[in-house]
Amino acid sequence: MGRLLSSPKVLLIGAAALALIIAGLAGGALGGAFGGGFIGAPIAHIQLAAEPITASPQIADIPFFGDFRITNTMVAAWSAIVVLAVISWLGTRRLKEVPGRLQGALEAVMEVFLNACETVAGPERGRRFFPLVMTIFLFVVAANWMGILPGFGTIGRFESAEEVIHHAEEKAEKDGEHADLDNVKLAVFDGDGFLAVQPFGSVNEEITGAEYEEMEEGARPRAGLLVPFFRSANTDINMTLGLALVAMVMVHYWGVSVLGLFTHVGKYFNFREGPIMLFVGLLEGLSEIARVISFTFRLFGNIFAGEVLLIVMAFLVPLVGIVPFLGLELFVGLVQAFIFAMLTLVFAATATIHHDSEGH
Amino acid sequence: MEALGINLPGLVTAIVSFTALYLILHFLLYKPLLNVMDQRSAKIKESLETAQTAREEAQRSREEMEKQVGAARAEGQAMIAQAREVAERFREEELAKARQEIEAQRARAAADIRREKAAAIEELRGQFAGLAITAAERVVGESVDEASHRRLIEEVLDESAILGGRS
């Protein structure tokens, strides 16, 4: 310990870390309350729904669907897909009996899930469930881990104050209310033209839509909101709901294909074993719907909460505040991916078990 | 639903994207990699089985060899014993033969000695008779009938213990 402390390199790193921590504490919103705040910017705009990355819809007024807009979560999801596809291509380009590093790593991951599938569902059904389980895991973990990369949530399109106020009024009109511009928060940006940045030390430079409207046309600051190009794919409830639906549809498809349509559906509409079993069957059917919802919100909630946590920490203590939480998010992202995949596997396994074989 | 951000285009996009990923990974990752892994495990299984049979084969041949070595050793032992027996018998025979020969030689030598002795006595007797006659002639001073005297001396000699007995 003594030798470690006397090493100049260690001392230098320690001093730099200490300086960063002090600067972060004093320069962020935490320090801003005591007159500091020379680094921070106003807290980022947080909303549940994914933001479209362009001002106008790509395809407008599709019958029955409405407008199609590319959102930042879609971009993130597609990035994850591209990354996975490229890794797969690189890993399987030159397949060898004695694998190289990438092939070995991919094989190791696949081995874990193949073993899990075969243990839970038996060798034959395990092989059948494996591709979906594996894909869910890979997609969710890739999307979650990419979601905490720098640039996610911080680089994006500048949505001007006029646009923001317009959206707010549009929404209020649809709900039949009057737009409450006092609740529309706007951040003040620097720069002009294409480039707009939130400057250092702008922690308190936040105005409301109402204030903006009251200002003179010429004296208005460059206010608006940042719409990130990338936002962690699983913070969009459409994504998690889509995954949950695919998983549960496949589970029931396998149930039908293994047990037969009548046996499988008969589990939920059981008219042969008396009213109690009918009630139990209906409850089981209800629990299948609950599973979709729990799938959806477990993943969405965990990842969205992580995102908010990172935003808040970056706001309160910039520079260093998010460091421990990045590690936490890596862990949460992995665990959630694992849970989603394993639950899919277990549901699939239980849906394809013959109830008669339980030994009455 | 609106506040949560659930909308049909977003949901459909998510499902389509995921399905696309599923297909990409199925053809790019799972199929080739599972193939290789299955092939490898089959190969490993096969070589393990081959090793097992080779081991059994080696075991068997070793046992066989040991059996053969044991048999050869027993055979050698038997041969040595037989040879020893033969040698023993040969020695006995040779010994007996040699003893017989020695015996025969000794008998022959004894016979020779006896014969020599008899001849020597005979010669001595002859000479002694001549000497006695010559001595007698001197004493008597006249020639004696040699034939009768020689007979007389022979008789005396026969009766005497020293040169008598031609046995």
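Worth saying up front: this structure is predicted, and the values here are computed from it rather than measured.

So, how was this worked out
Counting of residues starts from 1 at the beginning of each chain's written sequence and follows it residue by residue. All chains are assigned letters beginning with A, and all ligands numbers beginning with 1, in the order in which they are written. pLDDT decides what is reported in this predicted model: residues at 70 or higher carry local features, side-chain atom pairs at 80 or more are listed and counted, and totals for whole chains, interfaces and linings draw on all residues regardless. With hydrogens and water stripped out, all remaining heavy atoms of the structure feed into the side-chain values. Strands here mean DSSP runs of E at least two residues long; helices mean DSSP runs of H or I at least four residues long; both are numbered from the N terminus. Here the radius of gyration uses the C-alpha set of atoms, whereas the globule reference equals 2.2 Å times the residue count to the power 0.38. Relative accessible area decides the class of each residue, using a 1.4 Å probe on protein chains only: under 20% of the type maximum gives buried, over 50% gives exposed, and in between gives partly exposed. Note on contacts: a residue pair qualifies if any of its non-hydrogen atoms lie within 4.5 Å across the two residues. We get accessible surface area from the Shrake-Rupley algorithm with a probe of 1.4 Å; when it comes to residues, only the shown protein chains can shield them. Positive residues here are Lys and Arg, negative ones are Asp and Glu, while His and the chain termini are left out of the count. By convention, charge coordinates are those of NZ in Lys, CZ in Arg, CG in Asp, or CD in Glu. Where each domain starts and ends comes from a domain assignment, either automatic or drawn from a database. Take the accessible area each of two parts loses on contact, using a 1.4 Å probe, and add the two losses: that sum is the buried area. Each patch groups residues whose relative accessible area exceeds 30% and which form no salt bridge, using 9 Å between like charges and 5 Å between nonpolar side chains of Val, Leu, Ile, Met, Phe, Trp and Tyr. Take a side-chain nitrogen of Lys or Arg and a carboxyl oxygen of Asp or Glu: if they are within 4 Å of each other, that pair is a salt bridge. We call Phe, Tyr and Trp rings a pair once their centres come within 6.5 Å, taking the six-membered ring for Trp, and we label the pair stacked below 30 degrees between planes, edge-to-face above 60, and tilted otherwise. For a Lys NZ or an Arg CZ to count as sitting over a ring, it must be within 6 Å of the ring centre and within 35 degrees of the ring normal. Whether two strands pair comes down to DSSP finding at least two bridges between them. Interaxial angles span 0 to 180 degrees and are taken between N-to-C directions of axes, which are lines fitted to C-alpha atoms, for helices over the stretch in contact.

Colleague: What is the right way to look at the overall build of chain A in this model?
Modeller: The secondary structure content of chain A amounts to 11 helices and 6 strands. Its C-alpha atoms give chain A a radius of gyration of 26 Å, clearly above 21 Å, the size a compact globule of 360 residues would have. Its C-alpha atoms put chain A at 80 × 70 × 40 Å along the principal axes. Split into buried and exposed, the 360 residues of chain A put 42% on the buried side. In chain A, the share of contacts with a sequence separation of at least 24, taken over all contacts with a separation of at least 6, comes to 69%. If you sum the accessible surface of chain A, you get close to 19500 Å²; carbon and sulfur atoms cover 69% of it. Separation of charge centres in chain A, based on 21 positive and 35 negative side chains, amounts to 15 Å.

Colleague: Which parts of the structure should I look at to understand the domain arrangement of chain A?
Modeller: One widely used convention gives an interface's size as the accessible area the parts lose upon coming together. All names here are of chain A. Looking at chain A, the domain boundaries give domain 1 (23-70 + 156-228) and domain 2 (90-149 + 233-359). The centre of domain 1, based on its C-alpha atoms, is set 36 Å off from the matching centre of domain 2. In this complex, domain 1 contributes 18 residues to the contact, which on the side of domain 2 involves 12 residues. Buried surface at the junction of domain 1 and domain 2, summed over both partners, amounts to about 1100 Å²; 83% is from carbon and sulfur atoms. When the buried area of domain 1 at its contact with domain 2 is split by residue, I43, I46 and L48 rank highest and sum to 39% of it.

Colleague: Sorry if this is basic, but what is going on with a negative patch on the surface here?
Modeller: Side chains of A:E169, A:E170, A:E173, A:D180, A:D182, A:E211, A:E213 and A:E214 sit close together on the surface and give a patch of like negative charge. When contributions to the negative patch are tallied by element, the ones reaching two or more residues are α6 (161-175) and α7 (209-214) of chain A.

Colleague: What is the right way to look at the packing of aromatic side chains in this model?
Modeller: Any aromatic ring pair is given by two values, namely how distant the centres are and how the planes are angled relative to each other. Residue and element names in this part refer to chain A. Within this structure, the stated rule accounts for 12 aromatic pairs over all chains. Taking 5.7 Å as the distance between ring centres and 65 degrees as the angle between the ring planes, the aromatic pair formed by F113 and F338 counts as edge-to-face. With F113 in helix α5 (residues 101-146) and F338 in helix α11 (residues 323-351), the pair connects residues that are 225 residues apart, well separated along the chain. Looking at F338, the relative accessible area reads 37%, which means it is partly exposed. Between the aromatic rings of F158 and F189, the centroid separation amounts to 4.8 Å while the plane-to-plane angle is 70 degrees, which identifies the pairing as edge-to-face. Here F158 is found in strand β3 (residues 156-160), whereas its partner F189 is found in the loop between β4 (185-188) and β5 (206-208), with 31 residues between them in sequence. Clustering of aromatic rings is evident, with ring pairs tying together F113, F137 and F338. Lying across the ring of W89, R93 places its NZ or CZ 5.1 Å from the centre.

Colleague: What exactly am I supposed to notice about the side chain of A:Q336 here?
Modeller: Residues and elements named next belong to chain A. Structurally, Q336 can be placed in helix α11. You can call Q336 buried: its relative accessible area is 7%. Excluding residues within four positions of it along the chain, Q336 makes contact with N144, R298, L299 and N302.

Colleague: Please clarify how a nonpolar patch on the surface should be interpreted in this entry.
Modeller: Residue and element names in this part refer to chain A. A grouping of V82, V83, V86, I87, W89, L90 and L102 is seen on the molecular surface, where their side chains present a nonpolar patch of about 550 Å² in accessible area. Looking at the nonpolar patch element by element, the count peaks at 6 residues for helix α4 (residues 72-92). Here V86 is to be found in helix α4. V86 gets classed as partly exposed once you look at its relative accessible area, which sits at 40%.

Colleague: What exactly am I supposed to notice about the sheet that holds strand β6 (residues 223-228) of chain A here?
Modeller: Remark on secondary structure: sheet strands pair via backbone hydrogen bonds, oriented parallel or antiparallel. Residue and element names in this part refer to chain A. In spatial order, the strands read β3-β6-β4-β5; together these 4 strands make up an open sheet with antiparallel pairing. Across the chains shown, the open sheet's two edge strands, defined by having one partner strand only, are β3 and β5. Neighbouring strand axes in the sheet, compared pairwise and without regard to direction, differ in orientation by 50 degrees on average. Sheet topology places β3 next to β6; 5 bridges connect them, and they run antiparallel. Bridge pairing in β6 places F158 opposite L226. Contacting β3, β4 and β6, α6 runs over the sheet at an angle of about 75 degrees to β3.

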